[in-house]
Every structure is written in structure tokens, then in C-alpha cells.
Amino acid sequence: MPADTAAVTSPPATRAPVRSTVQLLFRSFPFAVEPGLRVFGNPNRSSLVFVTCNFDHTVRLVSRVLTDLGLDCYLLVAPTGGVNVWCASAGGHFGTDEVEAAIKLSGIDKLVDHHRLVLPRLTSPGVNTKQLRSRTGWRAVFGPIEVTDLPQWLDESFPRLVADVVRFPVRTRVEMGVGAALWPAGLVGIPAALVGGVWTGVAVVLLSYLVSVLFALVYPRLPAKPGIPQTVPLAALLGLAGGLGGAALGGLFETVLWAVVGVAMGALIALDFPSWSPTDVCKQQLLCFLYPATLAPAGFLPTVDEPACIDGCDICVKVCPKGALELNVFDKATLTDPDGCISCYACVQQCPVDAIS
Amino acid sequence: MSSFVFMKLLETRASRYDVGMRMISWGRIGSLYQQVAEGVPKGCEVLDVGCGTGGLTAALLDRGCSVTGVDRSESMLAVATEKLRAPIGEGRLRLRHLGIVQLSRELAEGSFDAVVSCLVFSELSRTEQRYAIEEFHRLVRPGGVVIVADEVAPESKAARLAYRAGRAPLAALTYLVTQTSTRPVNGIEDEMAGNGFEDVAATLIGGRAFQVTSGRRPACRLTPQQ
């Protein structure tokens, strides 16, 4: 496809407070932008080519980093259905097909002479780089996990694959806490409003946001493991608090209503929040029923076929977003932290000899 | 026929797609496929892009065509395979799991007399639509016909606004359940004309909510010597 007819969309406005707020409140939902080519600066035939998903929030974030960096480069936006990089890639919607589509829809092969793409690190569960090479001729290298680390990675490591693990800093936790609160606010708030009146509903919605954000803040320090071990205590605690609060407000009706609200809110938040956490996502999928959380079967742990595994090759070790694999004394890859593994499939997908299954 | 929004919802349930399509089009979906198929010459070699559960594919087979059906959804193809067992056995139909960008890798230039695509473009982004039209131009033989049929919104501003308002609740529901939406596609005829097709024609059918756009790849003609 000739480059001049390829769709070139100018990079998006990076500051859009209203759009950002709406997308924060409805973070569970995809926001798709037009896939295709974005051009930064005045790229030439050897300029870098980056790839990302077509989730609006991500495209704006990546555009801001590339603009601030002042780099002359191309960005290919892959058609991932408006879903973010990791969910799309682990869920089977940002794989080899979508990268191939990004290459063809953008007409990038007419614009540069090299054949090297920089993929987001978290596409590693979905994109089979060997297959991509044989289908399209393009070689893929993985950048850092956080696009904000891109400048440093370009300076120090490009195009090498370096180990990088997912983090869950306070800022992201608050963001995810707000996004996740939509479910308890809606699923508990609306029935509560129907039963107890509008103001009860409003109070439940506000409380949902408060509890969700507080839960997100303390999440990494919780003594119990994600899932049921966190859910039971939180539901019990909120149920008790609700019951006591309701009793203080009035009669039996209020007591029961607020106790039920407390239990439901606690259960929803604690069960669902792990799916918002990059350190536990893929393993938890309460509200992921609309979307598969991972390509791997539930409870999958990678096993390494040692005779097939290449001595000293540490691609899986570096690509694991949790750092759960290491090389053993025989220079073979081993899963050393099974509890840390989140079954994302990246090691299986990226093994050059398919020795992990 | 604004209820084509439901398509997306129905598509996640491939086995019930046909029943649903019949219901939401008030039983007109069959005649719609028929009218689209009538644009294809009898007995020729056709590529059905986005064949889905094989609704249009069956209409094409009835016209004596041999068909290659491609779709990006495996579950939809499974339904089509089940439904169209006989023509597959006779070798008149081949079904393949391919998306639009994979066509260029798998199918040779000019290998079809006709390329048809029904209710597909409304699910594609503008960039993908543009790519698809160029790809169809490549796949059809010189002189062959390309037909794109899809939902359209009314031309005039007021009518379009009313149409959008009427469609909004349905679109919202579909979005909530399947997290996707379809949209009417206008301007396919301009896109085709701009891509070297000749005899581009657009016909409105099905209560003016549906447009069949056809165009022809210019034939190789001998030019008289001066």
C-alpha cells in the first residue's frame, strides 16, 4: 500500500482534562481511537518505529512521552479494540495479527528502510515475535514496561532486552481505585437507591469510591493474599460497620440495609481489585467475564523442558513481568517464584525454542 | 433497520446470529442477502469477505458461484461450516479463517471475478475500510466487480440526528453488553471512486437504511494503434 494514501493521523492533544476524567471514571470500558500511523517530528528512513494499542488513554500517554522526548519517529497504533496493552495482549486481542495489521494499515514499510519495531514490553504474552518475523519480515524488540521509562531505555539499553518488572506505585493505585469503584457504586448503589431512596444511593456511591481508593492505597501492605483471603475479612468488617452505622441512624430496616450494603461492597471491591493490579492481574478475573484475562488456562504455571532449553538463554527470565524465573546452576531457566507467577504466558510465547509450556 | 446495532451483540453468540438477524430486520435479511448477491454475475468465482455464518454465502452459492469465504471470527466460521456442509463437500465453497490484513499474504492478485462484503465495513475503523477497498481492488481481476453492502445513515442533517437519537439506546445497550458498537458507514462510494474503480454505483435498499455500493476494476482493453 503506497504511503501517501496511508492514514496519517496527527498526534492527539496530550492535555484533555474532560476526556481524561471520563476515561478515568469508566476505566473498565475500552475507548478506541483510529488505528494507523502517527508521525512525531521529522522522521527519516532510519527513524525508530514504535507500536502501541488503540486505547485512547495509552495513545495520549505515549504521544506525550514521544513529544516531550523530541524524537523524530513513527508510532503505529494497532487495532486492539480500544483495550489497553496488557489486557489486550494477555486476552488475545494484541497478538501477531494485530501487529501485522498495524504494519499494513500504516504503510510503514514504504517509509523506513529498516525492519525493526519497538513493541511495548507487556505485549510479550500475545505477540509471537518469530511468527511476526516470518509473516512480515519485521523484527520486534521489547521496550520498557512503563512508557515513562522509555527515554532512559533508549539511552541505556536500546535495542537490548533488559529485565523489567511491573510496579504498582501510589499514583497508579489511586487511579485504579477510582476506576474499580464504578462496579460497587453501580451494582450496590443502584439497588440501594431503589430500596432506601435516592440519598441512600448517593451515600453508597460516595462510600464505594472512598473504600475502593482506601483499599487500593493499602493493597500492597495487606497481610492476606488476594482473592477470598482478602474478601472475607473486608466484607465482614464493612458489614459490621454498616450494621452499627445503620443501627445508629434508626431502626431494624436501616441496620439490615447498611449491613447488606457493607458486605456487598466489601466483597465486590476485594474480589475485583486484584484484576486492576498489575501485580496480580490475569490470576483474578471476577469482573473480567466480558474479557478473557489471559491466554493461559486457569492456575497455569510454566514448566521448562530442560533438554530443549538453550543453555544460558535468559529471554524468559528477562521477559517475565514479575521476575519469577531465574537461570539455575546448569544455566537452564527455572520458575523460582511460583507464587509470584501470574500465568501471563509471556515466557511461553517468547521462548525461542518453545521449551516452556 | 437501525437495529443493525444489535449485530455486534449477536455476533458474540454465533449460533444465534442468524435467528437474531432475521428478527431485527423483520425477516428482511434473506431478501437483503438476495439483493446483494444479484449484483454478482452467475457462476463466477467470488470472494466473500467477512462471510460470518454464511448468510450471503448461501445466496451466492444459489447463483451457481464458487465461493471463498473468509472471516476473522472462528466461531462464526464454525456455524457456516455446519450450515453449508453440502457445497463444501462439492468443492464449491472454501472457508478460511483470515482477517482483512491477512488477505494480501494468502490470496493472489486478481484471483476472483467478484469480491463482496456485507455488514462488515460498519465494524471496521476508517483506516481499515480504506485498506480493505485497496485490497479488494487488488484481489479482483481486471473487469471484475466489487460490492460493499452496509448500514448507512440518512444524508440530511435533521434526519441523521433523528436516526442517531433513535439508535442511541440500542447502541448504548450493545456497548454495555459487548463493549463494542457498530456505526453506519457513509462515503464508501467516494472511497471506491478515489481508488480507481469505475462504474461506481450506490443503491439504497431495506427502507433506505442499507446501501449496496458496487464498482468495477477497469478491464485491460486493447487501445487501437495510432
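Residues numbered from 1 in each chain as written. Chains lettered and ligands numbered in written order. Predicted model: local features only at pLDDT ≥ 70, side-chain atom pairs only at ≥ 80, totals over all residues.

1. Regarding the overall build of chain A
Moving on, step 1. Regarding its fold elements, chain A presents 14 helices and seven strands.
Moving on, step 2. Scaling as 2.2 N^0.38, a compact globule of 357 residues should have a C-alpha radius of gyration of about 21 Å, and chain A matches this with 23 Å.
Moving on, step 3. Each principal axis of the C-alpha atoms in chain A carries an extent, and together these give about 75 × 50 × 30 Å.
Moving on, step 4. Among the 357 residues that make up chain A, the fraction classed as buried is 46%.
Moving on, step 5. Considering only contacts within chain A whose residues lie at least 6 apart along the sequence, 70% involve residues at least 24 apart. (Helix = DSSP H or I, 4+ residues; strand = E, 2+ residues; numbered from the N terminus. Rg over C-alpha atoms; globule rule 2.2 N^0.38 Å. Buried ≥ 20, exposed ≤ 12 C-beta atoms within 10 Å, placed from the backbone. Contact = placed C-beta atoms within 7 Å.)

2. Concerning the sheet that holds strand 1 (residues 36-40) of chain A
All names here are of chain A.
Moving on, step 1. Across the sheet, which stays open at both edges, the five strands sit in the order 1-3-2-4-5 with mixed pairing between neighbours. Because the sheet does not close on itself, it has two edges, and the strands there are strand 1 and strand 5 (139-142). When the angles between neighbouring strand axes are averaged without regard to direction, this sheet yields 30 degrees.
Moving on, step 2. Sitting on the sheet, helix 2 (residues 56-69) touches strand 1, strand 2 (48-52) and strand 3 (73-77), and the angle it makes with strand 3 is about 175 degrees. (Pairing = 2+ DSSP bridges. Axes fitted to C-alpha atoms, helices over the stretch in contact; angles between N-to-C directions.)

3. Thoughts on the domain arrangement of chain A
How big an interface is tends to be stated in terms of the accessible area lost upon association of its parts.
Residue and element names in this part refer to chain A.
Moving on, step 1. Here the domain parsing of chain A yields domain 1 (3-156), domain 2 (170-277) and domain 3 (281-357).
Moving on, step 2. Relative placement of domain 1 and domain 2: their C-alpha centres are 36 Å apart.
Moving on, step 3. With five residues of domain 1 at the interface, the matching set in domain 2 holds four residues.
Moving on, step 4. For the side of domain 1 that touches domain 2, the class distribution of residues is three nonpolar, one polar and one charged. (Domains from an automatic or database assignment. Nonpolar A, V, L, I, M, F, W, Y, C, P; charged D, E, K, R; others polar.)

4. Description of unusual backbone geometry
Residue and element names in this part refer to chain A.
Moving on, step 1. Residue proline 159 is reached from phenylalanine 158 by a cis peptide bond, and omega for that bond is 0 degrees.
Moving on, step 2. Among the structural elements, proline 159 can be located in the loop between helix 6 (150-156) and helix 7 (170-180).
Moving on, step 3. We note that aspartate 354 has phi near 50 degrees; this positive angle belongs to a residue other than glycine.
Moving on, step 4. Assignment of secondary structure puts aspartate 354 in the segment after helix 14 (346-350).
Moving on, step 5. We classify aspartate 354 as exposed; it has 12 C-beta atoms within 10 Å.

5. Concerning the packing of helix 3 (residues 29-37) of chain B against helix 4 (residues 55-62) of chain B
Residues and elements named next belong to chain B.
Moving on, step 1. For the pair helix 3 and helix 4, interaxial distance at closest approach is 9 Å and the crossing angle is 55 degrees. Considering the angle they form, helix 3 stands oblique to helix 4. Our pair here, helix 3 against helix 4, has a crossing hand that is right-handed. In contact with Ile29, Tyr33, Gln34, Val36 and Ala37 of helix 3, helix 4 contributes Gly55, Leu56, Ala59 and Leu60.
Moving on, step 2. Its residues assigned to classes, the contact of helix 3 with helix 4 comprises seven nonpolar, two polar and no charged. (Parallel < 35°, antiparallel > 145°, perpendicular 65-115°, else oblique. Left-handed = near helix turned anticlockwise from the far one by under 90°.)

6. Regarding the confidence of the model for chain B
Residues and elements named next belong to chain B.
Moving on, step 1. Here chain B averages 83 in pLDDT, and 81% of its residues register 70 or above.
Moving on, step 2. Scored below 50 in pLDDT, residues 1-7 shows 26 contacts in the model against residues more than four places distant or in partner chains.
Moving on, step 3. On the interface metric, ipTM, the complex scores 0.79, and its pTM is 0.86. (pLDDT = per-residue confidence, 0-100.)

7. Some remarks on helix 2 of chain A
Residue and element names in this part refer to chain A.
Moving on, step 1. The terminal C-alpha atoms of helix 2, which comprises 14 residues, lie 20 Å apart, in line with the 20 Å expected from a rise of 1.5 Å per residue.
Moving on, step 2. Structurally, helix 2 contributes buried residues whose contacts are with strand 1, strand 2, strand 3 and helix 3 (85-90).
Moving on, step 3. Immediately downstream of helix 2, the backbone of glycine 70 shows phi near 70 degrees, a positive value. (Expected span 1.5 Å × (residues − 1).)

8. A short note on the interface of chain B and chain A
Moving on, step 1. At the junction of the two partners, chain B supplies twelve residues and chain A supplies 16 residues.
Moving on, step 2. Broken down by element, the side of chain B that touches chain A gets its largest block of residues, six residues, from helix 8 (residues 126-139) of chain B.
Moving on, step 3. The residue makeup of the side of chain B that touches chain A, split by class, is two nonpolar, five polar and five charged.

9. Concerning the confidence of the model for chain A
Moving on, step 1. When pLDDT is averaged along chain A, the result is 90, and 93% of the positions lie at 70 or above.
Moving on, step 2. Long-range and interchain partners of residues 1-7 of chain A, a stretch whose pLDDT sits below 50, account for 20 contacts in this model, where long-range means more than four residues apart.

10. Here we look at the sheet that holds strand 3 (residues 93-97) of chain B
All names here are of chain B.
Moving on, step 1. Strands sit in the order 3-2-1-4-5-7-6 across an open sheet of seven strands; the sheet is mixed. This sheet does not close on itself; its edge strands, each paired only once, are strand 3 and strand 6 (198-205). Averaged over all pairs of adjacent strands, the angle between their axes in this sheet comes to 15 degrees, without regard to strand direction.
Moving on, step 2. In this sheet, strand 3 lies alongside strand 2 (residues 66-71) in parallel orientation, the contact comprising five bridges. Counted as the bridge partner of glycine 69 is leucine 95 from strand 3.
Moving on, step 3. Its contacts with the sheet put helix 8 on strand 1 (45-49), strand 4 (112-118) and strand 5 (140-151), and the angle it makes with strand 5 is roughly 145 degrees.

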